[in-house]
Protein chains: 2
Amino acid sequence: MTYELFYWPEIQGRGEFVRLVLEDAGVEYADVGRTGGYKVLLAALERELAPYAFALPVLRAGDIVVGHTALIARFVAERHGLAPASERERLHAATVALTIADLIAEVHDTHHPITVERRYETQREPARARARAFRDARMSKFLGHLERILAANGDWLVGNAASYVDLAAFQIVEGLGYAFPHALAELAPELPRLFALRDRVAARPRIAAYLASPRRIAFNKDGIFRRYPALDAAPPRAKRARARRR
Amino acid sequence: MTYELFYWPEIQGRGEFVRLVLEDAGVEYADVGRTGGYKVLLAALERELAPYAFALPVLRAGDIVVGHTALIARFVAERHGLAPASERERLHAATVALTIADLIAEVHDTHHPITVERRYETQREPARARARAFRDARMSKFLGHLERILAANGDWLVGNAASYVDLAAFQIVEGLGYAFPHALAELAPELPRLFALRDRVAARPRIAAYLASPRRIAFNKDGIFRRYPALDAAPPRAKRARARRR
């Protein structure tokens with residue numbers, strides 16, 4: 001059986017959290033939006049996927065259809081050794097995965113604070129305010145939470161082996177580094193374990209091969225993580241110099 | 001074993017989606033914030049719940065700890081006959097539950113579009129814009145999605161019996177009716193199945209008993225669903241009259 005991933009073909013977006021699991025699991029999958037194009041994708045959405053697809057990604061595995069990034073990632077991971085074995089740890093992993101999903105939603109809303117139905121350019125001013133609040137408070141709260149889990153647990157977020165939650169943590173460090181390079185650079189000294197985890201995931205053979213392949217879409221301004229300089233902080237050095245002058 | 005629910009004691013909030021499942025399941029549970037107060041709640045959060053509790057609610061069941069509303073609701077429901085039996089339908093239920101979780105997050109952001117770290121009163125203007133977009137597009141999209149699922153499936157959202165997803169649907173209809181009475185009244189004619197589901201859930205004996213008990217906290221302006229007239233639409237009749245005058 002080949003997994004069928006339904007997701008927008010031109011962005012990493014939320015689909016990337018699923019792609020990373022499929023790639024690290026080494027399973028066969030069809031990235032339907034990319035192989036079939038929008039027409040095939042949209043036709044499926046309007047018909048057989050309709051009860052599941054309030055939003056993408058959606059995954060089909062035979063007669064099973066699953067929606068929602070964190071749920072799809074968990075589903076694939078538990079079938080292919082990328083999740084802990086015990087119920088207790090599986091639920092912990094699912095909890096952390098949904099915390100990361102909340103972080104992703106907040107990242108999205110830095111560029112769409114008023115409505116997802118209209119473009120960023122129509123909501124620049126509230127986007128600045130929301131991005132400032134995200135950089136000043138939310139980002140460090142979320143990442144600090146992950147750092148503390150690692151401090152308590154060791155090399156991986158849950159259990160004693162890599163799981164889909166670690167792959168998700170890799171992706172958010174990469175994404176935040178793209179979208180908020182200055183803000184993330186300021187936080188980095190407080191997040192040594194999270195950055196080490198990022199490196200550990202990037203070095204996994206199948207992940208390294210995927211990242212070097214054309215299957216890995218580059219970050220761009222249509223995904224969740226977008227580099228709008230107006231939404232990032234000033235570079236740390238300039239900020240520190242300003243602080244000294246006060 | 002008694003379930004321990006960790007949630008803020010003075011609001012329905014996200015915790016209510018868990019309380020409804022615990023009540024309908026008829027299981028014993030301690031609502032720790034209400035029985036022990038803030039001091040006990042906060043002490044637990046800082047210590048043994050810390051790796052789970054990026055946000056509340058959190059549920060403890062013996063040595064299992066679960067965070068995140070939709071995940072907790074699913075966990076309790078699958079143990080007590082409030083979820084479908086097959087993997088296929090369990091995943092469908094979990095998908096719909098997470099779609100409802102997204103709706104809840106969007107409802108929250110109508111009064112906190114810039115940051116959850118500061119009060120509504122500091123973000124009234126963007127809140128008006130976000131609430132307008134929510135009323136005009138998002139609310140009908142989410143509720144219409146549920147209506148279509150019911151049209152395809154029958155009396156319940158997933159499978160052929162009540163599940164935690166139906167309880168969640170009840171709660172969002174109640175909550176939206178409190179927070180956006182005019183906007184919801186306008187949509188109601190298009191949502192007959194969803195309103196019938198709301199009534200069906202409200203009539204379930206344990207739910208009816210719960211709603212009539214002091215355990216059901218009233219809606220208020222500290223929860224997710226808040227009645228701020230500035231964020232609701234004009235009453236349908238006034239709107240129609242205005243339209244006629246044009």
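Everything numeric in this text was worked out from a predicted model, so none of it was measured.

Rules used in this analysis
Residues numbered from 1 in each chain as written. Chains lettered and ligands numbered in written order. Predicted model: local features only at pLDDT ≥ 70, side-chain atom pairs only at ≥ 80, totals over all residues. Heavy atoms only, no water. Pairing = 2+ DSSP bridges. Helix = DSSP H or I, 4+ residues; strand = E, 2+ residues; numbered from the N terminus. Axes fitted to C-alpha atoms, helices over the stretch in contact; angles between N-to-C directions. Contact = heavy atoms within 4.5 Å. Buried < 20%, exposed > 50% of the residue type's maximum accessible area, 1.4 Å probe, protein only. Polar contact = N/O pair within 3.5 Å; in protein donor to acceptor, adjacent residues only side chain to side chain. Buried area = accessible area lost by both parts, 1.4 Å probe. Salt bridge = Lys/Arg side-chain N within 4 Å of Asp/Glu carboxyl O. Expected span 1.5 Å × (residues − 1). Bend = angle between axes of the 7 residues up to and from the residue. Least-squares fit on C-alpha atoms with pLDDT ≥ 70 in both.

**Notes on the sheet that holds strand β4 (residues 64-67) of chain B**
What holds strands together in a sheet is hydrogen bonding between their backbones, with the strands either parallel or antiparallel.
Residues and elements named next belong to chain B.
Line of reasoning, step 1. Spatially, four strands are ordered β2-β1-β3-β4 in an open sheet, and the strand pairing comes out mixed. With one partner strand each, in any of the chains shown, β2 (29-31) and β4 form the two edges of the open sheet. This sheet shows a mean twist of 20° between the axes of neighbouring strands, independent of strand direction.
Line of reasoning, step 2. Each of β1 (3-6), β2 and β3 (58-61) touches helix α1 (residues 15-25); the most contacted strand, β1, lies at about 160° to it.
Line of reasoning, step 3. Against the sheet, helix α3 (residues 69-79) makes contact with β1, β3 and β4, and its axis sits at roughly 135° relative to β4, the strand it touches most.

**Considerations on the sheet that holds strand β2 (residues 29-31) of chain A**
All names here are of chain A.
Line of reasoning, step 1. Here we have four strands laid out as an open sheet, ordered β2-β1-β3-β4, and mixed in their pairing. Both outer strands of the open sheet, β2 and β4 (64-67), are each paired with one neighbouring strand and no more. This sheet shows a mean twist of 20° between the axes of neighbouring strands, independent of strand direction.
Line of reasoning, step 2. As defined by bridge partners, strand β1 (residues 3-6) adjoins β2 across three bridges and the pair is classed as parallel. When the sheet's bridge partners are listed, Glu-4 is paired in β2 with Ala-30.
Line of reasoning, step 3. Of the strands in this sheet, β1, β3 (58-61) and β4 are in contact with helix α3 (residues 69-79), which crosses β4 at around 135°.

**A closer look at the side chain of Arg-216 of chain B**
Residues and elements named next belong to chain B.
Line of reasoning, step 1. You can see Arg-216 is positioned in the loop between α9 (205-211) and α10 (236-245).
Line of reasoning, step 2. A relative accessible area of 13% means that Arg-216 is categorised as buried.
Line of reasoning, step 3. A distance of 2.8 Å separates a polar atom in the side chain of Arg-216 from a polar atom in the side chain of Glu-16.
Line of reasoning, step 4. Here the side chain of Arg-216 touches Gln-171 through a polar contact of 3.1 Å, side chain to side chain.
Line of reasoning, step 5. Excluding anything up to four places from it in sequence, Arg-216 contacts Gln-12, Glu-16, Leu-20, Phe-170, Gln-171, Glu-174, Tyr-210 and Leu-211.

**Looking at the interface of chain B and chain A**
Line of reasoning, step 1. Taken together, the 41 residues of chain B in the interface contact 41 residues of chain A.
Line of reasoning, step 2. With both chains or domains summed, chain B and chain A bury close to 3,700 Å², and 64% of this area falls on carbon and sulfur atoms.
Line of reasoning, step 3. The interface formed by chain B and chain A contains eight salt bridges.
Line of reasoning, step 4. One salt bridge connects Arg-138 of chain B with Glu-117 of chain A, and the closest N-O pair in it is separated by 2.9 Å.
Line of reasoning, step 5. Across the contact surface, chain B and chain A share 18 residue pairs in polar contact (both at pLDDT 80 or more).
Line of reasoning, step 6. At the level of elements, β4, α3, α4 (87-111) and α5 (124-153) of chain B are the ones that each hand at least two residues to the side of chain B that touches chain A.

**Observations concerning α5 of chain B**
Residue and element names in this part refer to chain B.
Line of reasoning, step 1. Given a rise of 1.5 Å per residue, 30 residues ought to cover 44 Å, and the 40 Å separating the end C-alpha atoms of α5 matches this to within 8%.
Line of reasoning, step 2. Taken as a whole, α5 carries its principal kink of about 45° at Arg-135.
Line of reasoning, step 3. Gly-154 lies just past α5 and shows a positive phi near 115°.

**Remarks on the relation of the copies chain B and chain A**
Line of reasoning, step 1. Taken as rigid bodies, chain B and chain A are interconverted by a rotation of 180° and an axial shift of 0.0 Å, the fit giving an RMSD of 0.0 Å. The superposition of one copy onto the other is thereby described by a two-fold rotation axis. In terms of proximity to the rotation axis, the leading residue of chain B is Pro-113 of chain B, whose C-alpha is 3.0 Å off the axis.
Line of reasoning, step 2. Residue by residue, 100% of the interface of chain B is reproduced at the interface of chain A, so both copies engage with the same surface.

Bear in mind that shape data such as this cannot, by itself, settle questions of function.
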